[in-house]
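Reading the structure
Listed below, chain by chain, are the residues.
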Amino acid sequence: MAFRMNVSKDVAAIRKMAAELRREAGTLAQREAPRILKAVQDVTPPANGSVKLSAGIARGRARVRSDVYRVAVPRANGEQAGSLESLMREHRVKGRVPARLNPRHEVPWPEIQQYISTREARVGALARAWEVEVAVDGRGTVTIRVWNTTPYATAVEGLEVRVDKLMEKRLRRMERALMGIMLRAGKAAGLKVS
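The following refers to the structure shown. (Residues numbered from 1 in each chain as written. Predicted model: local features only at pLDDT ≥ 70, side-chain atom pairs only at ≥ 80, totals over all residues. Heavy atoms only, no water.)

1. As for the overall build of the protein chain
Each helix and strand in the protein chain was counted, giving seven helices and five strands. When its helices and strands are written in sequence order, the protein chain yields β-α-α-α-β-α-β-α-α-β-β-α. Radius of gyration (C-alpha) of the protein chain: 24 Å, far over the 16 Å computed for a compact globule of 194 residues. Seen through its principal axes, the protein chain has C-alpha atoms that stretch 85 × 40 × 25 Å. (Helix = DSSP H or I, 4+ residues; strand = E, 2+ residues; numbered from the N terminus. Rg over C-alpha atoms; globule rule 2.2 N^0.38 Å.)

As structure tokens, this is what we get:
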């Protein structure tokens, strides 16, 4: 099931701004779509409001490596304590491995490399799965659809609240910009504006 966002208020603000600027709403919506996508990605884990997506992904990859090296050390020869997957599951507490774990388990180096690469590939998958579509029908009606195709997007705690706050913030910013445009137009027309 896809996670869908309600952007009807943004579409209304774009229509209002298009009327004030005497431009087509479809053109403004097309220009706004990548901005919406970037903003939504920047509040989706591993990013948050203060950490952007690229920094969140780098941080997530570093945490994967850190957790693996807290549990396992490459072994030269000898017995293996179990699969790295099961060892990680066993030692993980609230998604992370505690800092001081002794003794660490000996695991073959190829298995460590494979585990790290598969886990690092998952970092940021939720944020990269956002899609935006702008449609303008024959009458000039603008529709913007924003959704996340990741199956577990609806289960991510707090994602809906983050996205709703973001969209409200964007809406307020667009309304302030429109007010500024209207004030400048009034001043240019010779009206007394305060």
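Right, picking up where we left off after that structure.
2. Digging into the layout of surface pockets
By volume, the largest pocket amounts to about 780 Å³. Together, 24 residues line the largest pocket, and P46, G60, V64, G95 and V123 are the ones closest to its centre. When residues of the lining of the largest pocket are traced back to their parent elements, those giving at least two are α3 (53-71), α5 (109-122) and α6 (125-128). Within the lining of the largest pocket, the residues separate by chemical class into 11 nonpolar, five polar and eight charged. (1 Å grid on protein atoms, 1.4 Å probe; cavity = no way out; pocket = protein on both sides within 12 Å on 5 of 7 lines; lining within 4 Å. Points joined across faces, edges and corners; volume = space filled by probe spheres on them. Nonpolar A, V, L, I, M, F, W, Y, C, P; charged D, E, K, R; others polar.)

3. Remarks on the side chain of R170
Turning to its location among the elements, R170 is positioned in helix α7 (residues 159-188). According to the relative accessible area criterion, R170 is buried, its value standing at 6%. In this structure, R170 is in contact with D10, E32, R35, I36 and A39, ignoring residues within four places of it in sequence. (Buried < 20%, exposed > 50% of the residue type's maximum accessible area, 1.4 Å probe, protein only. Contact = heavy atoms within 4.5 Å.)

4. Side note on the nonpolar core
Core analysis: the largest hydrophobic core is formed by 30 residues, its most contacted members being M5, W130, V142, I144, V146, V163 and M167. The set of elements that each furnish at least two residues to this core consists of β1 (3-5), α1 (8-21), α2 (25-41), β4 (130-136), β5 (142-148) and α7. Contact partners of M167, with chain neighbours within four places excluded, come to M5, V7, D10 and I36. Residues V68, L84, L87 and I116 belong to the second largest nonpolar core, which totals 11 residues. (Core = buried A, V, L, I, M, F, W, Y, C linked by side-chain atoms within 4.5 Å.)

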